[in-house]
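Listed here are the chains, written in short residue letters.
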Amino acid sequence: MSGRTRFLPIVGAVTLVVAVTIAGCGPRKESANPQSKQPALVREPAVAGLFYPKDPQKLSQTIDMLLASVQPASVSGELKALICPHAGYPYSGLTAAFGYKVLAGRDVKTVFLLAGSHYVAFQGASVCAADVYRTPLGDVKISDKSKALAKLPPFMLEPRVPMRRPDWSIQSSRSAPPPGEDTPETWEHSGEVEVPFLQKVLRPFELVSMVFGQTDPAAAAQALASQLDDHSLVVVSTDLSHYHPYDQARQLDTRTVTAILNMTPDVIAGEDACGHMPICTLLHLAKMKGWKPKLLDYRNSGDTSGNKSGGVVGYTAIAFTAPEQESFNKEERKLLLNLARRTVKEVVTANRLPVVDAKTLPAKFAELKGCFVTLTENGALRGCIGNIMPQMPLYQAVIENAQSAATRDHRFQPVRPDELDKLQVEVSVLTVPQPLVFSSPNDLLAKLQPHRDGVVLQVNGRGATYLPQVWEQIPNKVMFLNTLSEKAGCAPDAWRGPGTAVGIYHVEAFKESEM
């Protein structure tokens, strides 16, 4: 069974057209716009009830369940882009959740959504001309940047295009426009299925929705780059190979994913991914910006449906980040991880610390640094101890904290010798915490940067800290502070009261699996 619902053909009949009418976006339902007092053009949902639940409560619960069921790898640096799949949620929703869970809680104000066209072939890239993008979860404001982008070739404001409507259009949750009023956006499902996920994991945001026809990805990347800022996120919607036997699909998809990770857009073609134009645009953009990709998940509809006997559709989730400046190169990271690993082994098996000749170590290892050593076993925390403030040379701090993580974390029994091969070691080197000035609880929430800030919370003499990695488990800022307050021995909402102080630090974290 494919990654699409049974209502959808692969592409449907398409007609290649050159879009020349670029002013209109076709009739839409209207809603009141209180600021302009003019009717707002609404992009109505086309595939609610087909690709994802139409009922708002069921849709919300479905996404919550998907997000709760995944645990993506840590993504360091500032998240700049995601590649996510767009089949029906029962097929691709789990893979999509890997991407959107990484996004949860981040400070994003504008999402640039790049989707490939499935129902009509045309030249250029269509920018949604509506004022509001609607899903069962509510309305998302279309950003003013849409009109600015539409003035830059190869983009254009949503054109009317001759097309053969998809067979499932008679079952669509939206009303069909009059003949001749269809646009690339009218029936396109690939962008739409991403928006409910975005609504669940982001604070209110604005949207720039694009549907790509045949275009020059390098030119599209240049135009898109001019509209991005520090609070922008690019989301590319694509599935991978379509309807090949299971083993062949995995081979094809591995080649495509590898090309994405290697940033080689020229080798990605339409048969590799239905969103190959948006993918190639993102890869050109990422090269311009210095963004780096990281694979979060790959699977196909045979994995999610359990039916591997027929043709399957491939899905992937990939994050792109702007890496933060690193203080430690790969070899230095390996040295610190090996030092932590040696310490754990010798403490557990011989009750002694390793002997280290400091003269053989890089000079920066003698600098006073705060650090944490984290041990996990089969993905679960097994010990985590550290010092926030610089108290001793870094190499000594790694040794002491590795010993403590293995034997002195009061939450766990000491590590046993038979567990050593199952452990994963992670080292986090901290910057010195700086006071965060805030005027109110809401101001504090606004200033926190999820996935970047480590937080030291002090409430009336009690204190506790969370490393930035904890945002992966608790992306909601209120829950993050509530549980940190409880960790400090206070009531969950004590951080809202007087006598609260907050310090912020950042970390350079690295683990054995990344070496």
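Attention here is on the structure that accompanies the text. (Residues numbered from 1 in each chain as written. Predicted model: local features only at pLDDT ≥ 70, side-chain atom pairs only at ≥ 80, totals over all residues. Heavy atoms only, no water.)

**Thoughts on the nonpolar core**
And step 1. Among the nonpolar cores identified, the biggest contains 53 residues, and Y100, L103 and L207 are the most heavily contacted of them.
And step 2. When residues in this core are grouped by element, the largest group, 7 residues, is from helix α2 (residues 89-103).
And step 3. Within the second largest apolar cluster, 40 residues are counted, among which are L114, F212, L228 and I268. (Core = buried A, V, L, I, M, F, W, Y, C linked by side-chain atoms within 4.5 Å. Buried < 20%, exposed > 50% of the residue type's maximum accessible area, 1.4 Å probe, protein only. Helix = DSSP H or I, 4+ residues; strand = E, 2+ residues; numbered from the N terminus.)

**Some details on the sheet that holds strand β23 (residues 507-511)**
And step 1. An order of β17-β16-β18-β23 is seen for the 4 strands of this open sheet, with the pairing classed as antiparallel. Every interior strand has two partners, whereas the edge strands, β17 (380-387) and β23, have only one. Strand after strand, the sheet turns through a mean of 15° between neighbouring axes, direction not considered.
And step 2. Bridge count between strand β18 (residues 423-430) and β23: 5 bridges; the pairing is antiparallel. Bridge pairing in β23 places V429 opposite E508.
And step 3. In the packing of helix α9 (residues 330-350) onto the sheet, contacts are made with β16 (370-377), β18 and β23, and the angle to β18 comes to roughly 125°.
And step 4. The strands touched by helix α10 (residues 394-407) within the sheet are β16, β17 and β18, with β16 carrying the most contacts at an inclination of about 35°. (Pairing = 2+ DSSP bridges. Axes fitted to C-alpha atoms, helices over the stretch in contact; angles between N-to-C directions. Contact = heavy atoms within 4.5 Å.)

**Details of unusual backbone geometry**
And step 1. In this structure, P154 follows P153 across a cis peptide bond, with omega equal to 10°.
And step 2. Position of P154 relative to the elements: it lies in the loop between α3 (145-150) and β10 (155-157).
And step 3. The backbone of N378 sits at a positive phi, close to 55°, despite the residue not being glycine.
And step 4. Residue classification places N378 among the exposed positions, given a relative accessible area of 70%.

**Observations regarding the state of the cysteines**
And step 1. Counted by the stated rule, this structure contains 0 disulfides.
And step 2. Its sulfur unpaired, C274 is 13 Å from the next cysteine sulfur, which belongs to C280. (Disulfide = S-S within 2.5 Å.)

**Concerning the environment of V459**
And step 1. Tracing the backbone through its elements, the reader meets V459 in strand β20 (residues 454-459).
And step 2. Every residue in contact with V459, bar those within four places of it in the chain, is listed here: C490, A494, W495, G499 and T500.

**Looking at the packing of helix α1 (residues 56-68) against α2**
And step 1. Where α1 contacts α2, the two axes come as close as 8 Å, and the packing angle between them is 65°. Handedness of the α1/α2 crossing: right-handed. Residues L59, T62, I63, L66, L67 and A68 of α1 touch α2, and the partners they reach there are Y89, G93, L94, A97, Y100 and K101.
And step 2. Across the contact of α1 with α2, the residue classes break down as 9 nonpolar, 2 polar and 1 charged. (Left-handed = near helix turned anticlockwise from the far one by under 90°. Nonpolar A, V, L, I, M, F, W, Y, C, P; charged D, E, K, R; others polar.)

**Let's talk about the packing of aromatic side chains**
Where two aromatic rings form a pair, the distance of their centres and the angle of their planes describe that pair.
And step 1. A complete count under the given rule lists 10 aromatic pairs for this structure.
And step 2. With a centroid separation of 5.0 Å and 15° between ring planes, the pair formed by Y100 and F197 is classed as stacked. A residue pair is termed long-range when its members are at least 10 positions apart, and Y100 in helix α2 and F197 in helix α4 (residues 195-201) qualify at 97 residues.
And step 3. Of the residues examined, F197 reaches a relative accessible area of 1% and is grouped as buried.
And step 4. Taken together, a centroid distance of 5.8 Å and an interplanar angle of 90° make the contact between F155 and F212 edge-to-face. Of this pair, F155 sits in strand β10 while F212 sits in strand β11 (residues 206-212), and the two are 57 residues apart along the sequence. Across the pair, F212 and F155 agree in class, each one buried.
And step 5. Ring pairs connect the aromatic residues Y52, Y89, Y100 and F197, which therefore count as one cluster.
And step 6. For R174, the ring lying beneath its charged end belongs to W187, and the centroid distance is 5.8 Å. (Phe/Tyr/Trp six-rings, centres within 6.5 Å; stacked < 30°, edge-to-face > 60°. Lys NZ or Arg CZ within 6 Å of the ring centre and 35° of its normal.)

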